[in-house]
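Overview (structure and organization)
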Amino acid sequence: MSIAGVARYAIGMTGVASINSHIVEALYVEALVLSDAARGGFDALRDTPPSRVHAVHAVASEAMPDRPVCPEDVEVTCEALRTATRVMHCLAWLLNHRAWFAGDISAAQLRRHGRLISHFPASDPVVVSRLPDDLADLVQQSERLYARIQRLETAWRSDRPALPGALDRLRDRLAHG
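Overview of the structure. The structure displayed is predicted, hence computed values, not measured ones.

1. Some points on the nonpolar core
Ile19, Phe42, Trp93, Leu94, Leu131, Leu145 and Ile149 are the most contacted members of the largest nonpolar core, which totals 33 residues. At the level of secondary structure, the elements contributing two or more residues to this core comprise helix 2 (21-47), helix 3 (71-101) and helix 6 (133-157). Examining the composition of this core, we find that ten residues originate from one element, helix 3, more than from any other.

Right under this line is the structure:
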């Protein structure tokens, strides 16, 4: 993105200079990787025999149609959906900001359609604690990603400019000796 594009973004978005195309791109890649890992992890859990999934039974699938669905199956399925939806909301927010930086949508369109849900439900810690460690880690990563984007959203929508980042503070200190 050009310097003019960054300046246009800062002016159009209440002077929040801490959101830039590089941050949006990095978060977008992180969200894509996390989305794929979570989908793969929950798919693998669904296909894992119950004896290998610690306290959680594998989610019923077409491969096991005669297996009854138990409450743990429903809880894990809900957590899989909650995690996927959380990451998809992050991706939608990031895609809107990518479109803004590319000049494909206006500031008004971004403000109208680029909102992040402010109170997305948190994961159930009891259910997460019963997931395999790698999958529980992915759920927690999705929560941290959502919290980071929520902080960007809050700063971006606020009337006050975001606090300068560490690099800006260092540049300021170096400039003023």
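2. Comments concerning helix 6
For helix 6, spanning 25 residues, the distance from its first C-alpha to its last is 36 Å, which sits close to the expected 36 Å at 1.5 Å a residue. By the burial criterion, the buried members of helix 6 are Leu135, Ala136, Leu138, Val139, Ser142, Leu145, Tyr146, Ile149, Leu152, Glu153, Ala155 and Trp156.

3. Comments concerning the side chain of Ser158
Residue placement: Ser158 occurs in the loop between helix 6 and helix 7 (166-175). Judged by relative accessible area, Ser158 falls into the buried class, the value being 15%.

4. Focus on the packing of aromatic side chains
Here the structure, examined in full by the defined rule, presents two aromatic pairs. Aromatic side chains Trp93 and Trp156 sit 6.4 Å apart centroid to centroid with 85 degrees between the ring planes, which places their arrangement in the edge-to-face category. On the criterion of sequence distance, the pair formed by Trp93 in helix 3 and Trp156 in helix 6 is long-range, its members being 63 residues apart. Judged on exposure class, the residue Trp93 and its partner Trp156 are both buried. Residues Phe120 and Tyr146 carry aromatic rings whose centres are separated by 5.6 Å and whose planes lie at 40 degrees to one another, so their mutual orientation is tilted. Residue Phe120 is found in the loop between helix 4 (107-113) and helix 5 (125-130), and its partner Tyr146 is found in helix 6; the two are separated by 26 residues along the sequence. Summarising the burial analysis for this pair, Phe120 and Tyr146 share the class buried. Sitting over the face of the ring of Tyr28, Arg98 holds its NZ or CZ atom 4.1 Å from the ring centroid.

Conventions used here
Residues numbered from 1 in each chain as written. Predicted model: local features only at pLDDT ≥ 70, side-chain atom pairs only at ≥ 80, totals over all residues. Heavy atoms only, no water. Core = buried A, V, L, I, M, F, W, Y, C linked by side-chain atoms within 4.5 Å. Buried < 20%, exposed > 50% of the residue type's maximum accessible area, 1.4 Å probe, protein only. Helix = DSSP H or I, 4+ residues; strand = E, 2+ residues; numbered from the N terminus. Expected span 1.5 Å × (residues − 1). Phe/Tyr/Trp six-rings, centres within 6.5 Å; stacked < 30°, edge-to-face > 60°. Lys NZ or Arg CZ within 6 Å of the ring centre and 35° of its normal.

Function cannot be inferred from these measures alone, as they are strictly geometric.
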